[in-house]
Amino acid sequence: MKKQKKYNIIDIIMIIALIFLNIGDTRNEIKNNNYIYLLILGFVICYFSVFMSNAKSLGLKYFIPILTLGIFDMFFLENTSFFNNNEILKDIFHHLNSLYSFLLLMALFFIISKISNKLIGSYFTIAISIICLILTLSIDLFKKPEILINYSFYIRMFFLYSLFFNLRMDKKDKSKYLIGLILAICLLVLEIFIAKRYFIFDKTRTVSDILIYYFLFKLFISDIIEIDFSKYYISAILFQLPIITKILDYYLKLNEIRNYIASFIILLFLAIIFYQIKFFIFDYILYGIHKNKK
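Only a predicted model underlies this, so the values are computations on that prediction, with no experimental measurement involved.

Some words on the overall build of the protein
A count of helices and strands for the protein gives twelve helices and zero strands. For the protein, the proportion of its 294 residues judged to be buried stands at 46%. Long-range pairs, those at least 24 residues apart, make up 73% of the contacts in the protein with a sequence separation of at least 6. Summing over all exposed atoms, the protein offers an accessible surface of approximately 16800 Å²; the carbon and sulfur share of this is 67%.

A closer look at the packing of aromatic side chains
Geometrically, a pair of aromatic rings is defined through the distance of the ring centres and the angle of the planes. The tally for this structure, following the rule as stated, stands at 28 aromatic pairs. Judged by centre distance (5.8 Å) and plane angle (70°), the ring pair of F229 and Y275 falls under edge-to-face. Note that F229 is positioned in helix 10 (residues 229–252) and Y275 in helix 11 (residues 256–277), a separation of 46 residues in sequence. Members of the aromatic cluster, joined through ring pairs, are F43, Y47, F48, F51, Y62, F63, Y100, F102, F164, Y213, F217 and F239. Geometry around Y275 places K278 over its ring, the cationic atom sitting 4.0 Å from the centre.

A look at a nonpolar patch on the surface
Residues I273, I277, F279, F280, I281, F282 and I285 make up a contiguous nonpolar surface patch of about 590 Å² in total accessible area. Contributions of two or more residues to the nonpolar patch are made by helix 11 and helix 12 (280–286). By residue number, the principal contributor to the nonpolar patch is helix 12, which donates four residues. The topology assignment puts F279 in the loop between helix 11 and helix 12. You can call F279 partly exposed: its relative accessible area is 37%.

A word on the packing of helix 1 (residues 9–22) against helix 9 (residues 208–225)
At a minimum axis separation of 8 Å, helix 1 and helix 9 run at an interaxial angle of 95°. Put simply, helix 1 runs roughly perpendicular to helix 9. Contacts between helix 1 and helix 9 involve I9, I10, D11 and I13 on the former and, on the latter, L216, F217, F220, D223 and I224. For the contact of helix 1 with helix 9, the class distribution of residues is seven nonpolar, no polar and two charged.

Quick look at the environment of N255
Here N255 is to be found in the loop between helix 10 and helix 11. With relative accessibility at 41%, the residue N255 sits in the partly exposed group.

A few points about unusual backbone geometry
Positive phi values are uncommon outside glycine, yet K253 reaches one of about 55°. Its identity is not glycine, yet K278 carries a phi of approximately 55°, on the positive side. Mapped onto the elements of the fold, K278 is located in the loop between helix 11 and helix 12.

Observations concerning the nonpolar core
Of all hydrophobic cores here, the largest spans 87 residues; its most connected members are F43, Y47, F48, F51, Y62, Y161 and F217. The element that contributes the greatest number of residues to this core is helix 3 (residues 34–54), accounting for 15 residues. Excluding residues within four positions of it along the chain, Y161 makes contact with I45, F48, S49, M52, M106, F109, F110 and S113.

Here we look at helix 10
Taking 1.5 Å per residue, 24 residues should reach 34 Å; helix 10 reaches only 29 Å between its end C-alpha atoms and comes up short. Taken as a whole, helix 10 carries its principal kink of about 60° at Q240; the proline P242 stands between one and four residues after it.

Describing the environment of K171
Mapped onto the elements of the fold, K171 is located in the loop between helix 7 (152–164) and helix 8 (175–198). Remark: the alpha-carbon pair of K171 and L219, spanning 48 residues in sequence, is separated by 9.9 Å.

Looking at the pattern of salt bridges
Using the criterion set out here, one finds five salt bridges in the structure. The salt bridge partner of D73 is K246, with a shortest N-O separation of 3.0 Å. Taken as a pair, D73 in helix 4 (residues 64–77) and K246 in helix 10 lie far apart in primary sequence, 173 residues in all. For R156, the salt bridge goes to D209, with nearest N and O atoms at 3.5 Å. Taken together, the residues R156 in helix 7 and D209 in helix 9 connect sequence positions 53 residues apart. We classify R156 as buried; its relative accessible area is 17%. Each of D11, D228 and K231 takes part in a single network of salt bridges with overlapping partners.

Here's the deal with the packing of helix 4 against helix 10
The geometry of helix 4 relative to helix 10 is characterised by a closest axis approach of 9 Å and an angle of 15° between their N-to-C directions. Looking at the two axes, helix 4 sits roughly parallel to helix 10. The hand of the helix 4/helix 10 crossing is left-handed. When helix 4 is examined against helix 10, the residues P65, I66, L69, F72, D73 and L77 are found in contact with a partner set consisting of F239, Q240, I243, K246 and I247.

Cut-off values and rules
- Residues numbered from 1 in each chain as written.
- Predicted model: local features only at pLDDT ≥ 70, side-chain atom pairs only at ≥ 80, totals over all residues.
- Heavy atoms only, no water.
- Helix = DSSP H or I, 4+ residues; strand = E, 2+ residues; numbered from the N terminus.
- Buried < 20%, exposed > 50% of the residue type's maximum accessible area, 1.4 Å probe, protein only.
- Contact = heavy atoms within 4.5 Å.
- Areas by Shrake-Rupley, 256 points an atom, 1.4 Å probe, with all protein chains shown as cover.
- Phe/Tyr/Trp six-rings, centres within 6.5 Å; stacked < 30°, edge-to-face > 60°.
- Lys NZ or Arg CZ within 6 Å of the ring centre and 35° of its normal.
- Patch = residues over 30% accessible without salt bridge, like charges linked within 9 Å, V, L, I, M, F, W, Y side chains within 5 Å.
- Salt bridge = Lys/Arg side-chain N within 4 Å of Asp/Glu carboxyl O.
- Axes fitted to C-alpha atoms, helices over the stretch in contact; angles between N-to-C directions.
- Parallel < 35°, antiparallel > 145°, perpendicular 65-115°, else oblique.
- Nonpolar A, V, L, I, M, F, W, Y, C, P; charged D, E, K, R; others polar.
- Core = buried A, V, L, I, M, F, W, Y, C linked by side-chain atoms within 4.5 Å.
- Expected span 1.5 Å × (residues − 1).
- Bend = angle between axes of the 7 residues up to and from the residue.
- Left-handed = near helix turned anticlockwise from the far one by under 90°.

See below:
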């Protein structure tokens, strides 16, 4: 009897998070609520960290679509000329940064964490994350050191990325992680309640979100490692969404919400097609991943 494929819960959460962070009205609403924005963004960063550190066959290959799709957008959609351009490399970098700034940051975090792990060891990477946490709390609470205040957001992101970079699969009984997740969610609710009612601390600074990420990824880390259809769709949202929305806006002149809804549907169908084909050249160029045919 053929084993039925279970739903990949952690990937579904990732897809929902990316949709919320991309659709205009929802994105603005989330950003207005700083804590919700940081909670969702933190989850995305931790997902990236766990996925990239455990999917050992990927490495920097995952970020190939930044270059291929970014250059396609630049020269075919933006009509940038190769010729008589003495600063073509600089223009390419600025364009890629404007199109994929978050993904480039994730690539940089991956390189730093990977080098740190290889040369010095995983404990040093964890030590870096602790230092980043201390700096984040110092900036938030005491506005010190002043020179790093403008970089507190990036320090916080690298803290999460480096902290979860060495998270590994535990094949033992996972019921303890489920209990821990429930308790962490209860702690989160309690922290927000205390913050709102008594103004003891800023609700954007919590311990429970880190615990939620930890127990959640410990529960579903095997699903993150596996290259399946949901990974194709996640990669499509990350890499292809800016291109598709631009094409639809140029030809159909849809409003932002309809543009994004149409883009997500198109990306879904494209992901289904390429997942079925599984042709490694197209996969790496468009998705940064490849699942071998059985």
